[in-house]
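# Examining the three-dimensional arrangement
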Amino acid sequence: MAAAGAGGMGGGGGGASAALGDGGVIDYSVHEAWNEATNVYLLVVLASLALLVYARRNKRRIMRIFTLPPAAETPPEPNFYDSVKKIRLRQQLEMYSIARKYEQQQQQPPKQTETIQLSVE
């Protein structure tokens, strides 16, 4: 009976004869392997979709991991240059105020001496 069943199944379906083992016994290891493979494939697809959704929702948090923190590298240079600019500006202002005072002193004493001379005479 088993040989007749094997012959009937083998002639009708092309792939069914490959699943039959020795003596007409159906080999379920192929089916089990296929089921396990499809289950793993489905798990991988679901996990990747879940990661994609998570990445879309938390894009900023993920990008923050891969970017260097701006507070660690950039502040020393801008603070240094800002302080140099401030010092230079302060020096320029001091030189300008000294020059203005000097110009005022150069212009005022002759006028004061003239007024004093006029008042003395």
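Residues numbered from 1 in each chain as written. Predicted model: local features only at pLDDT ≥ 70, side-chain atom pairs only at ≥ 80, totals over all residues. Heavy atoms only, no water.

### Quick word on the overall build of the protein
The following threshold applies: Under the scheme used here, helices are H or I runs from DSSP no shorter than 4 residues and strands are E runs no shorter than 2 residues, and both carry numbers assigned from the N terminus. Relative accessible area decides the class of each residue, using a 1.4 Å probe on protein chains only: under 20% of the type maximum gives buried, over 50% gives exposed, and in between gives partly exposed. Note on areas: Shrake-Rupley, 1.4 Å probe, and residue coverage restricted to the protein chains presented here.
Scanning the protein from terminus to terminus reveals 6 helices and 0 strands. The buried share among the 121 residues of the protein stands at 2%. On the protein, roughly 11,200 Å² of surface is accessible, and the fraction owed to carbon and sulfur atoms is 62%.

### Side note on the pattern of salt bridges
Selection rule: Any Lys or Arg side-chain nitrogen found within 4 Å of a carboxyl oxygen on Asp or Glu counts as a salt bridge.
In this structure the tally under the stated criterion is 1 salt bridge. The residue Glu103 makes a salt bridge to Arg100 at a minimum N-O spacing of 3.7 Å. Within this pair, Glu103 and its partner Arg100 are both found in helix α6 (residues 76–120), separated by 3 residues, close to a single helical turn. Here Glu103 falls in the partly exposed class, since its relative accessible area comes to 40%.

### Examining the packing of helix α3 (residues 29–57) against helix α4 (residues 59–66)
As a reminder, the rule being used: Note on method: axes are straight lines fitted to C-alpha atoms, helices fitted across the in-contact stretch only, with angles between N-to-C directions ranging 0 to 180 degrees. Roughly parallel covers angles under 35 degrees, roughly antiparallel covers those over 145, roughly perpendicular covers 65 to 115, and oblique covers all other angles. Only heavy atoms matter for contacts: two residues are in contact if any of them lie within 4.5 Å across the pair. Polar here means any residue outside two lists: the nonpolar Ala, Val, Leu, Ile, Met, Phe, Trp, Tyr, Cys and Pro, and the charged Asp, Glu, Lys and Arg; Gly therefore counts as polar.
At a minimum axis distance of 5 Å, the contact between α3 and α4 shows a crossing angle of 85°. Judged by the inter-axis angle, α3 sits roughly perpendicular to α4. Contacts between α3 and α4 pair Tyr54, Ala55, Arg56 and Arg57 from the former with Lys59, Arg61 and Ile62 from the latter. Its residues assigned to classes, the contact of α3 with α4 shows 3 nonpolar, no polar and 4 charged.

### As for a nonpolar patch on the surface
For the record, the criterion: Patch membership requires more than 30% relative accessible area and the absence of a salt bridge. Residues of like charge join within 9 Å; the nonpolar side chains Val, Leu, Ile, Met, Phe, Trp and Tyr join within 5 Å.
Among the surface-exposed residues, Leu46, Leu49 and Leu52 lie close enough to one another that they form a single nonpolar patch of about 290 Å² accessible area. With respect to the secondary-structure elements, Leu52 resides in helix α3.

### Topic: the confidence of the model for the protein
Stated precisely, the cut-off is as follows: Note on scores: pLDDT gives the predictor's confidence for each residue, bounded by 0 and 100.
With 60% of its residues at a pLDDT of at least 70, the protein reaches an overall mean of 74. Looking at the elements of the protein, mean pLDDT is at its lowest for helix α1 (residues 2–12), recorded as 46, and at its highest for α3, recorded as 92. Under a pLDDT of 50 for its full length, residues 1–13 has, in the predicted model, 5 contacts with residues more than four places off or in other chains.

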